[in-house]
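# Structure at a glance
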Amino acid sequence: MSTYEVVLSLHILAAVFGFGVAGVAHSTMFRLRAARDMGQVRGHLAVLDKVGPFFGIAALLLIVLGAWLIQLSPSEEKFHWKDGWVLTALISLVIVEAIGGAVIGRRVKSIIGKLEGVPDGPVSADIRALLADRPVWMASHATTAVIASVVFVMVGKPSGVGAVVTVLIGAVVGIASALPFAKPVTAAA
Ligand code: HEM
């Protein structure tokens, strides 16, 4: 096995790790939505609050290993930072990380703050409305779908326009998939 193949395998594993973390975050969001009492709500919010840094680790590994692949790429199929598919992946990853921190991370912390002092017991309608936070649902689905769309970009290596369109399709699919969940459940399901 060549060094290139080892680094490519590690790069793919970094993506698998990121999707694993996303799986934890998404399943926690669904459990939060269906929580029956405030103890469960607080427990699920604490998980969401803690997963953020793991996305950062995955992103850093993807970029470092991706950069290494560019460096190692053979002269007959040399990859460059200015290739549309590489630039689109890099910019998408940076935007996804920014949205993760600025929208999801910040709003989860704000919800945790608002729930301080709320007594244990059943989840009220007001709190269910707070938990159905539209920006958090949309941002979390859109960011995962954008990273999934980058897999197509990596494999197909389209032009810059093709790469941007692919990522935009991912973002739209992600946002659309969040809509059914960005409203409060009336009864815990
Ligand atoms: C945004 C998240 C990313 C994901 C999910 C991802 C995923 C992948 C996958 C699945 C492959 C294997 C493609 C194949 O063998 O056909 C790959 C290859 C590659 N990736 Fe990424 N990647 C990401 C970000 C990046 C970034 C930011 C860079 C550049 C710094 C990069 C550079 C590369 C390179 C150079 C290859 C090798 C392509 C080849 O040998 O055909 N990737 N990536």
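Residues numbered from 1 in each chain as written. Predicted model: local features only at pLDDT ≥ 70, side-chain atom pairs only at ≥ 80, totals over all residues.

## Some words on unusual backbone geometry
Even without a glycine there, the phi angle at Lys 157 is positive, about 45 degrees. Turning to its location among the elements, Lys 157 is positioned in the loop between helix H5 (134–156) and helix H6 (160–178). (Helix = DSSP H or I, 4+ residues; strand = E, 2+ residues; numbered from the N terminus.)

## Some details on the site of the ligand
Around the ligand, the surrounding shell holds 21 residues, and the nearest of these are Ala 15, Gly 66, Leu 69, Val 150 and Met 154. Listing elements by their share of the shell around the ligand, those giving two or more residues are helix H1 (3–33), helix H2 (38–72), helix H3 (84–115) and H5. Broken down by element, the shell around the ligand gets its largest block of residues, six residues, from H2. (Near = placed C-beta within 6 Å.)

## Observations regarding the environment of Val 153
As for its placement among the helices and strands, Val 153 is situated in helix H5. Note: C-alpha distance between Val 153 and Val 86 (67 residues apart in sequence) is 8.4 Å. Apart from the residues within four sequence positions on either side, Val 153 is in contact with Trp 85, Thr 88, Ala 89, Pro 158, Ala 163, Thr 166 and Val 167. (Contact = placed C-beta atoms within 7 Å.)

## Points about the packing of H1 against H5
For any two helices packed against each other, the geometry comes down to the angle between their axes and how far apart the axes lie. Interhelical geometry of H1 versus H5 gives an angle of 155 degrees and a closest axis separation of 11 Å. Here H1 is positioned roughly antiparallel relative to H5, judged by the angle of their axes. For the element pair H1 and H5, the recorded crossing hand is left-handed. Along its contact with H1, which presents Gly 18, Ala 22, Ala 25, His 26 and Met 29, the element H5 presents Ser 140, Thr 144 and Ile 147. For the contact of H1 with H5, the class distribution of residues is four nonpolar, four polar and no charged. (Axes fitted to C-alpha atoms, helices over the stretch in contact; angles between N-to-C directions. Parallel < 35°, antiparallel > 145°, perpendicular 65-115°, else oblique. Left-handed = near helix turned anticlockwise from the far one by under 90°. Nonpolar A, V, L, I, M, F, W, Y, C, P; charged D, E, K, R; others polar.)

## Details of H2
Between its terminal C-alpha atoms H2 stretches 52 Å, which fits the 51 Å expected from 35 residues at 1.5 Å a residue. When H2 is considered as a whole, its buried residues turn out to be Val 41, His 44, Leu 48, Phe 55, Ala 58, Leu 62 and Gly 66. Of the surrounding secondary structure, the elements contacted by the buried residues of H2 are H1, H3 and helix H4 (125–131). (Expected span 1.5 Å × (residues − 1). Buried ≥ 20, exposed ≤ 12 C-beta atoms within 10 Å, placed from the backbone.)

## Some remarks on the nonpolar core
The nonpolar side chains of soluble globular proteins are, as a tendency, buried together. Ranked by size, the top nonpolar core spans 32 residues in total, and within it Ala 89, Val 146, Val 150 and Val 153 carry the most contacts. Contributions of two or more residues to this core are made by H1, H2, H3, H5 and H6. If you tally residues by element for this core, the top one is H5, at ten residues. Discounting residues that sit within four places of it in the chain, Ala 89 has contacts with Val 150, Val 153 and Met 154. (Core = buried A, V, L, I, M, F, W, Y, C linked by C-beta atoms within 7 Å.)

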